[in-house]
Amino acid sequence: MKVLVSDPLSEEGTSRLEEHFTVDISTGLSEDELIEKIKDVDALVIRSGTQVTKAVIDAAEKLKIIGRAGVGVDNIDIDAATQKGIIVVNAPEGNMLSAAEHTIAMMMSLTRNIPQANASLKSRKWERKLFMGTEVNGKILGVVGLGRIGTEVAKRAQGLEMTILAYDPFISEERAQELGVELATVNEIAERADFITVHTPLIKETRNIIDAEQFAVMKDGVRIINCARGGIINEEALADAVKSGKVAGAALDVFVNEPPFDSPLMDLDNVIMTPHLGASTEEAQINVAVSVADEVISVLNGGSAKNAINIPSVKPEVMAVLAPYIKLAETMGSVAGQLMGGNCEKAEIGYYGEISEKDTRVVTVAALKGLLETALGSGVNYVNAPALAKSRKIEVIESKSETSEEHVSTIQIKLTKRAETKLVAGAVVGNEPKIIQIDNYRVDIVPSGFMIVSNHVNRPNVIGPCCILLGENNINISGMQVGRVEIGGTTIMALNVDSEVPDDILDQMRDIEGILDAKLVTL
Ligand code: NAD
Ligand code: MLT
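Residues numbered from 1 in each chain as written. Chains lettered and ligands numbered in written order. Predicted model: local features only at pLDDT ≥ 70, side-chain atom pairs only at ≥ 80, totals over all residues. Heavy atoms only, no water.

A few words on the site of ligand 1. Around ligand 1 sit 30 residues, and of these Ile149, Asp168, Thr200, Ala375 and Arg392 come closest. The backbone of Arg148 places a nitrogen or oxygen atom 2.9 Å from an oxygen atom of ligand 1. When the free accessible area of ligand 1 is taken as 860 Å², the share hidden by the protein chains comes to 95%. When contributions to the shell around ligand 1 are tallied by element, the ones reaching two or more residues are helix H7 (148-159) and helix H14 (361-376). Split into classes, the residues belonging to the shell around ligand 1 amount to 16 nonpolar, 8 polar and 6 charged. (Near = heavy atom within 4 Å. Polar contact = N/O pair within 3.5 Å; in protein donor to acceptor, adjacent residues only side chain to side chain. Areas by Shrake-Rupley, 256 points an atom, 1.4 Å probe, with all protein chains shown as cover. Helix = DSSP H or I, 4+ residues; strand = E, 2+ residues; numbered from the N terminus. Nonpolar A, V, L, I, M, F, W, Y, C, P; charged D, E, K, R; others polar.)

Rendered as structure tokens:
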């Protein structure tokens, strides 16, 4: 079998592969060259340089696995790979310590002006007064995103005797206490922190999470660090805040466009930059290369993958029966998670009817994957979803009953956060997933694309104004479901819409008299 390695990979990884397969190491390929080469390879191993587009995947005739030696999979068209049954794996832990250490190095460089002082001295100047710094000891570090890297950064900063304020909607109070950090909102962090560092994935919810609004309320002289992904902090707003003196300095390893040669940040003396070096250590590169090589060897030899992003490790014959339920549970987990918004303490997954007789563990994993992905993005897979739920102190309870009222099999997901609950039930109808219940309301929804789910008072002149509002804003309604419990009581409405609904339109919908709540669910 043949493996193509199309980005520089540590020798420890390539030599492992060479023990089993013919390995073609060809880096710096154009898309056309990659399309030509991909035709007869069984595995592709990449880092962040290779763009694995749909055209590349379409051209692959034998490809079984794409291995990403690193965390971010934003350079791979996962949907196209999944459609074609190609497993995508990454190496989520191999570079986390290096990225955390780089963050600390950037914070220390920033606070003591080390890059600027070095450049000044090397230009034969002795400018001791110019480079006055501040101590980090006793200062507040705001950490946005307390996952693998954020946690390691927090631990190291605690060693420097900093106080940690953290924002992460998927971290429970209990977990925060265990780590010795105080949970806060993004705005509280903006108001109180002396240093702010971001460690989230780049997803819709985190794009520009630090923007002009947050800079406006920050302490004068705050320092900002981004070693996660460009775009989590708005670069224009950051440049303005540095120019105005509100922000004393920023340290950036990642950028919206890499290389960031046209960025407004390039010419600011108080902004220090590194060319995406977070994972550039000998250790991290060996870790990720070995991890991905082992995954490729296992999968090409008929085994399973530990860090599959897109495909569960289930035998083909079991998969054939469970596949529609896996899709249903993943969708329901996502819907329930988005309707609940943020963290939950308990996830109860119930199986009713024929499905209760099957081994449903993988279906439960799919439900957790859908649920956690709403906060963690592509970092969640079928293998790590249970462990991530456990580390976030989400109690997962599976229950089964042979009785299912209307359908051969139904699945129910109930999320609990303190006194709040969210219940979603679904069934497979004609091989397609359907949502049949939300909370106490019976519905019949085909979950896809964008859906607005709202609660309103069950009386005339509530639904009409919602439809007019969407129509006036050119948002086409392709499906509508209304479910009610009692006349005059409250009702749920689910609108399938053809395009994303901007936040301000949703706010206007919430302001319509009789509307109690409206949320956008994106699938
Ligand atoms: P992770 O999945 O372990 O952690 C991400 C955390 O973000 C999770 O705890 C999640 O709950 C949280 N989160 C999700 N949505 C959020 C929101 N709206 N607000 C606040 N928090 C939210 O990921 P990780 O491995 O720690 O990686 C973090 C980031 O670092 C990723 O963007 C990754 O691509 C990047 N990274 C960069 C380098 C580099 O070379 N600079 C190296 C490795 C990773
Ligand atoms: C990652 O996502 O792993 C990092 O950004 C480092 C890399 O791209 O290699």
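Below, the discussion takes up the site of ligand 2. Ligand 2 sits among Ser48, Arg68, Gly70, Val71, Gly72, Asn95, Arg229, His276 and Ala279. The separation between an oxygen atom of ligand 2 and a polar side-chain atom of Arg68 is 2.8 Å. Look at ligand 2: alone it shows 260 Å² of surface, and the protein chains cover 90% of it. A class-by-class count of the residues in the shell around ligand 2 yields 2 nonpolar, 5 polar and 2 charged.

On to unusual backbone geometry. Here the residue pair Glu258 and Pro259 is connected by a cis peptide bond, since its omega of -5° sits within 30 degrees of zero. With a phi angle near 50°, Asp439 is a residue other than glycine that sits in the positive phi range. In this structure, Asp439 sits in the loop between strand E17 (432-438) and strand E18 (441-445). Located in the positive-phi region is Asn474, a residue other than glycine, with phi close to 65°. Of note, Asn474 is situated in the loop between helix H16 (463-472) and strand E20 (477-484). The class of Asn474 is exposed, set by a relative accessible area of 71%. (Buried < 20%, exposed > 50% of the residue type's maximum accessible area, 1.4 Å probe, protein only.)

All chains considered together, the criterion is met by 1 cavity of 30 Å³ or more. Empty space within the largest cavity amounts to approximately 50 Å³. Looking at the largest cavity, the residues that line it are Asn226, Gly230, Gly231, Ile233, Glu235, Leu238, Leu252 and Val254. A class-by-class count of the residues in the lining of the largest cavity yields 4 nonpolar, 3 polar and 1 charged. (1 Å grid on protein atoms, 1.4 Å probe; cavity = no way out; pocket = protein on both sides within 12 Å on 5 of 7 lines; lining within 4 Å. Points joined across faces, edges and corners; volume = space filled by probe spheres on them.)

Now for the sheet that holds strand E15 (residues 409-417). With mixed pairing, 6 strands are arranged side by side in an open sheet as E14-E13-E15-E16-E17-E18. Strand pairing shows two members of the sheet lacking a second neighbour, strand E14 (395-401) and E18, which therefore form its edges. Each strand axis lies, on average, 20° off the axis of its neighbour in the sheet, ignoring direction. Note that E15 and strand E16 (residues 420-429) share 8 bridges and pair antiparallel. Within E16, the residue paired with Leu415 across the bridge is Lys422. Its contacts with the sheet put H14 on strand E13 (346-353), E14 and E15, and the angle it makes with E13 is roughly 135°. (Pairing = 2+ DSSP bridges. Axes fitted to C-alpha atoms, helices over the stretch in contact; angles between N-to-C directions. Contact = heavy atoms within 4.5 Å.)

Moving on, we come to the side chain of Thr50. As for its position among the elements, Thr50 is in the loop between strand E3 (43-46) and helix H3 (54-59). Looking at Thr50, the relative accessible area reads 8%, which means it is buried. Of the polar contacts made by the side chain of Thr50, one reaches the side chain of Ser6; its length is 2.8 Å. At 3.0 Å, the side chain of Thr50 and the side chain of Asp7 are in polar contact. Non-local contacts of Thr50, meaning those with residues more than four positions away in its chain, are made with Ser6, Asp7, Leu34 and Asn75.

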